[in-house]
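Architecture at a glance
Spelled out, the chains give:
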Amino acid sequence: MPKSKRNKLVTLSKTKKKGKVQKESLVKSVRDCLDEYSSVYVFSFENMRNTKFKEFKEDLKSSSRFFLGSNKVLQIALGRTAADELKEDLHKVTEFLHGDCGLFLTNLPKDEAIRQFEEFEAHDFARTGSLATETVELQEGPLEQFTHDMEPFLRKQGMPVRLNRGVVELVADYTVCTEGEPVSPEASRILRLLGVRMAAFHLHLLCRWSPEEFETYETQTKIQVDNPSNGS
């Protein structure tokens, strides 16, 4: 009987080697792009949603390239100091590579790049643990937006409901979520059923480097996108 591939042992050395190869590949890709693109931006993000981020990248792929990964690896790719930077003043970019952020390399004129970021916006449903941006309350009485077969599910989410002649009815006022407080798993499900979108995927341009200049953005350019995580 042939041996099962599922039982094949994988040594830790192989795993470490693969990780090293991936990091080296990222460094090489970034460095190769420095000669291909005229400007390098650092952008930060909030409430990452992969699907919308992929759409954004697809729209700009003919003129731009995005890199997300370990900030330390991206810093190494550019050069952390003036002594090891790949191009003059490029090490200044690495000072902004902290937290949730990435690199945006592009041939777009500065004004066009900023415009692309500003015009890309949308909203998505709140995830568990995110802060509610508004208070959502339901009043006692019939909930005609829900079908009768949803009554057990709604009750399981903690809603005080019952069936009244085939209509889902709320027997008391109910607060789904409160502004400024974390959204519970149950509230997240109910908000989705209600069609209430209160999460936004934000991008902020932090700085820009080109061979001619380096500039920072004190007033961050903000993008709201239908909420990429790392996952959507």
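Conventions adopted
Residues numbered from 1 in each chain as written. Predicted model: local features only at pLDDT ≥ 70, side-chain atom pairs only at ≥ 80, totals over all residues. Heavy atoms only, no water. Helix = DSSP H or I, 4+ residues; strand = E, 2+ residues; numbered from the N terminus. Buried < 20%, exposed > 50% of the residue type's maximum accessible area, 1.4 Å probe, protein only. Areas by Shrake-Rupley, 256 points an atom, 1.4 Å probe, with all protein chains shown as cover. Pairing = 2+ DSSP bridges. Contact = heavy atoms within 4.5 Å. Phe/Tyr/Trp six-rings, centres within 6.5 Å; stacked < 30°, edge-to-face > 60°. Arc of directions from axis to C-beta. Polar contact = N/O pair within 3.5 Å; in protein donor to acceptor, adjacent residues only side chain to side chain. Salt bridge = Lys/Arg side-chain N within 4 Å of Asp/Glu carboxyl O.

Broken down by element type, the protein carries 7 helices and 11 strands. In the protein, which comprises 232 residues, the proportion classed as buried is 42%. If you sum the accessible surface of the protein, you get close to 14000 Å²; carbon and sulfur atoms cover 47% of it.

Strand order across the open sheet formed by 3 strands is β6-β8-β7, with antiparallel pairing between neighbours. Of all the strands in the sheet, the pair left with one neighbour each is β6 (141-142) and β7 (161-164). Pairing of β6 with strand β8 (residues 167-170) involves 2 bridges; the strand directions are antiparallel. Of the residues in β8, the one forming a bridge with Gly-141 is Leu-170.

Turning our eyes to something else, we now look at the side chain of Ser-210. Take Ser-210: it is sitting in the loop between β10 (199-209) and β11 (214-226). Not counting residues up to four positions away in its chain, the partners in contact with Ser-210 are Ser-38 and Ser-39.

The tally for this structure, following the rule as stated, stands at 9 aromatic pairs. Ring geometry for Phe-56 and Phe-66: centres 5.7 Å apart, planes at 55°, overall tilted. Pair noted here: Phe-56 is in helix α2 (residues 50-60) and Phe-66 is in strand β2 (residues 64-67), with a separation of 10 residues, a long-range link. Taking the relative accessible area as the measure of exposure, Phe-56 reaches 2% and is therefore buried.

Moving on: helix α5 (residues 110-119). Turning to α5, its buried residues are Ala-113, Ile-114 and Phe-117. One side of α5 holds all its buried residues, which, seen down the axis, span an arc of 95°. In α5, those exposed residues whose orientation departs by more than 90 degrees from the buried face are Asp-111 and Glu-119.

We now examine the side chain of Arg-208. Tracing the backbone shows Arg-208 in strand β10. For Arg-208, a relative accessible area of 8% corresponds to the buried category. Here Ser-39 takes part through its side chain, which lies 3.4 Å from a polar atom of the side chain of Arg-208. Setting aside anything within four residues of it in sequence, one finds Arg-208 in contact with Ser-39, Val-40, Tyr-41, Lys-110, Glu-213, Phe-214, Glu-215 and Tyr-217.

Scanning all chains against the criterion turns up 13 salt bridges. In this structure, Glu-151 engages Arg-155 in a salt bridge whose closest nitrogen and oxygen atoms are separated by 2.8 Å. With Glu-151 and Arg-155 both in helix α6 (residues 151-156) and 4 residues apart, this pair spans about one turn of that helix. In this structure, Arg-208 engages Glu-215 in a salt bridge whose closest nitrogen and oxygen atoms are separated by 3.6 Å. What emerges from the salt-bridge pattern is a single network uniting Lys-110, Arg-208, Glu-213 and Glu-215.

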